[in-house]
Protein chains: 2
Amino acid sequence: MAKQMTEMLKGTLEGIVLAILDESPAYGYEITARLRGKGLSDIVEGTVYALLIRLEKRGQVDVEKVPSEKGPPRKVYTLNAMGRDYLEEFWKSWFFLSERIEALHKNYTNHPEGKSS
Amino acid sequence: MAKQMTEMLKGTLEGIVLAILDESPAYGYEITARLRGKGLSDIVEGTVYALLIRLEKRGQVDVEKVPSEKGPPRKVYTLNAMGRDYLEEFWKSWFFLSERIEALHKNYTNHPEGKSS
DNA sequence: TACCAGTAGTCTGCGATACTATCTACTGGT
DNA sequence: ACCAGTAGATAGTATCGCAGACTACTGGTA
């Protein structure tokens, strides 16, 4: 994917992970897999783990250590009330920005000389 | 605006400014004003200037110094071919991400117990 | 004259974030 | 004994937007 993506994910990836946790609790490795399943295939595991620790420190998720038959124990993350509030704010911010960007794109498509390809 | 916005703007603000320049050439101060007119009222001037210098260094905009009747000369930025290519890539990245986030939001609204308020 | 507001642009330092790369720990298969 | 897969952590790097201060120029006004 383009380098643009890396910067664009800043701020949005957090919301994406919160939304995934809102679907159902999950552990890091699983979240990475779900992200890939949703088309976000270029997100690195290390990034997800760091993000989860951030959420934990902020108290937006509850953590439970669950033994695994394969490999070390899993840390299962569950979205709590604070996390849900934060997620709701995320959606507000995102739709706010999204609308404005969409508006710009309409202008863009309305003057064909702006397109080169 | 929420702190979420600051991070969300990373990567997108650049595309937004490119899109504004694609509408018509402009100088820094004017771009800030246009941003405010489009609802992006919290973007700091210093940020816009830094962004413009970045675009110039990458060769995505052409610059022309134009004397002003009021204050120091203006630096008028015009989107060039490279900039337009970059803008197009921006749109692609943005719609890619946008679609995936939108999909997550649909799941979110489909299980009302996920909403607290 | 001396000061201030408005226009236009620049710069330093900071905090947040995603990526790269590497590491530990555990299991099962060869 | 070794490797692949699962699961998690971390040090270092680069980018980017923001806060805040600064220069430069013009016109008005006390």
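Remember, predicted model here, so these are calculated numbers, not experimental data. (Residues numbered from 1 in each chain as written. Chains lettered and ligands numbered in written order. Predicted model: local features only at pLDDT ≥ 70, side-chain atom pairs only at ≥ 80, totals over all residues. Heavy atoms only, no water.)

**Some details on helix H4 (residues 45-57) of chain A**
Residues and elements named next belong to chain A. An ideal rise of 1.5 Å per residue puts 18 Å on 13 residues; H4 measures up with 19 Å between its terminal C-alpha atoms. Among the residues of H4, Val48, Leu51, Leu52 and Leu55 are the ones counted as buried. Relative to the axis of H4, the buried residues are bounded by an arc of 100° and lie together on one face. The elements touched by buried residues of H4 are helix H2 (12-23), helix H3 (28-37), strand S2 (61-66) and strand S3 (74-79). One or two steps after H4, the chain reaches Gly59, where phi turns positive at roughly 75°. (Helix = DSSP H or I, 4+ residues; strand = E, 2+ residues; numbered from the N terminus. Expected span 1.5 Å × (residues − 1). Buried < 20%, exposed > 50% of the residue type's maximum accessible area, 1.4 Å probe, protein only. Arc of directions from axis to C-beta. Contact = heavy atoms within 4.5 Å.)

**Things to note about the interface of chain B and chain A**
Every contact between the two is made by 43 residues of chain B and, on the other side, 43 residues of chain A. A buried area of about 4,300 Å², summed over both sides, lies between chain B and chain A, and 65% of it is on carbon and sulfur atoms. When the area that chain B buries against chain A is broken down by residue, the three leading residues are Gln4(B), Met8(B) and Leu104(B), summing to 16%. Inspection of the region where chain B meets chain A yields zero salt bridges. (Buried area = accessible area lost by both parts, 1.4 Å probe. Salt bridge = Lys/Arg side-chain N within 4 Å of Asp/Glu carboxyl O.)

**Digging into the packing of aromatic side chains**
For the structure on display, the rule yields seven aromatic pairs over all chains. Judged by centre distance (6.5 Å) and plane angle (15°), the rings of Trp94(A) and Trp94(B) are stacked. With Trp94(A) in helix H5 (residues 81-109) and Trp94(B) in helix H5 (residues 81-109), this pair bridges two chains. Just as Trp94(A) is buried, Trp94(B) falls in that class too. One aromatic cluster is present, formed by Phe90(A), Trp91(A), Trp94(A), Phe95(A), Phe90(B), Trp91(B), Trp94(B) and Phe95(B) through successive ring pairs. In this arrangement the basic side chain of Arg100(A) is found over the ring face of Phe96(A), its NZ or CZ atom lying 3.7 Å from the centre. (Phe/Tyr/Trp six-rings, centres within 6.5 Å; stacked < 30°, edge-to-face > 60°. Lys NZ or Arg CZ within 6 Å of the ring centre and 35° of its normal.)

**With respect to the relation of the copies chain B and chain A**
Note on the identical chains: chain B maps onto chain A by a rotation of 180° and an axial translation of 0.0 Å, with an RMSD of 0.1 Å. Given the turn and translation reported, the copies of this chain are related as if by a two-fold rotation axis. A symmetric contact is evident, with 100% of the interface residues of chain B recurring at the interface of chain A. (Least-squares fit on C-alpha atoms with pLDDT ≥ 70 in both.)

**Observations regarding the protein's contact with DNA strand D**
Taken together, the neighbourhood of DNA strand D is formed by 28 residues, with Glu7(A), Lys10(A), Arg74(A), Lys75(A) and Arg54(B) sitting nearest. One of the side-chain N or O atoms of Lys10(A) is found 2.6 Å from a base oxygen in DNA strand D. Of all the secondary structure elements, the ones that give two or more residues to the surface near DNA strand D are H3, H4 and S3 of chain A together with helix H1 (3-9), helix H2 (12-23) and helix H4 (45-57) of chain B. (Near = heavy atom within 4 Å. Polar contact = N/O pair within 3.5 Å; in protein donor to acceptor, adjacent residues only side chain to side chain.)

**Considerations on the protein's contact with DNA strand C**
Not every one of the 28 residues close to DNA strand C is listed here, only the nearest: Thr47(A), Arg54(A), Tyr49(B), Arg74(B) and Lys75(B). Within 4 Å of the protein, atoms of DNA strand C come from sugar and phosphate in 76% of cases. Contacts to DNA strand C include Lys10(B), whose side-chain N or O atom sits 2.9 Å from a base nitrogen. Between DNA strand C and the protein, one listed contact pairs a phosphate oxygen with a side-chain N or O atom of Tyr27(B) at 3.3 Å. Secondary structure elements with two or more residues in the surface near DNA strand C: helix H1 (3-9), H2 and H4 of chain A together with helix H3 (28-37), H4 and strand S3 (74-79) of chain B. The element that contributes the greatest number of residues to the surface near DNA strand C is H4(A), accounting for three residues. Taken together, the residues that form the surface near DNA strand C break down as ten nonpolar, eight polar and ten charged. (Nonpolar A, V, L, I, M, F, W, Y, C, P; charged D, E, K, R; others polar.)

**Some remarks on the nonpolar core**
One finds Leu21(A) and Leu21(B) to be the most contacted residues of the largest nonpolar core, which totals 60 residues. In contact with Leu21(A), not counting residues within four places along its chain, are Ala26(A), Ile31(A), Leu52(A), Val61(A), Tyr77(A) and Leu79(A). (Core = buried A, V, L, I, M, F, W, Y, C linked by side-chain atoms within 4.5 Å.)

**Some remarks on the packing of H3(B) against H4(B)**
All names here are of chain B. Their axes nearest at 9 Å, the elements H3 and H4 cross at an angle of 120°. On the basis of their axis angle, the class for H3 and H4 is oblique. Both H3 and H4 take part in a crossing whose hand is right-handed. Between H3, through Gly28, Tyr29, Ile31, Thr32, Leu35 and Arg36, and H4, the contact on the second element is made entirely by Glu45, Val48, Tyr49 and Leu52. A breakdown of the residues in the contact of H3 with H4 according to their chemical character gives six nonpolar, two polar and two charged. (Axes fitted to C-alpha atoms, helices over the stretch in contact; angles between N-to-C directions. Parallel < 35°, antiparallel > 145°, perpendicular 65-115°, else oblique. Left-handed = near helix turned anticlockwise from the far one by under 90°.)

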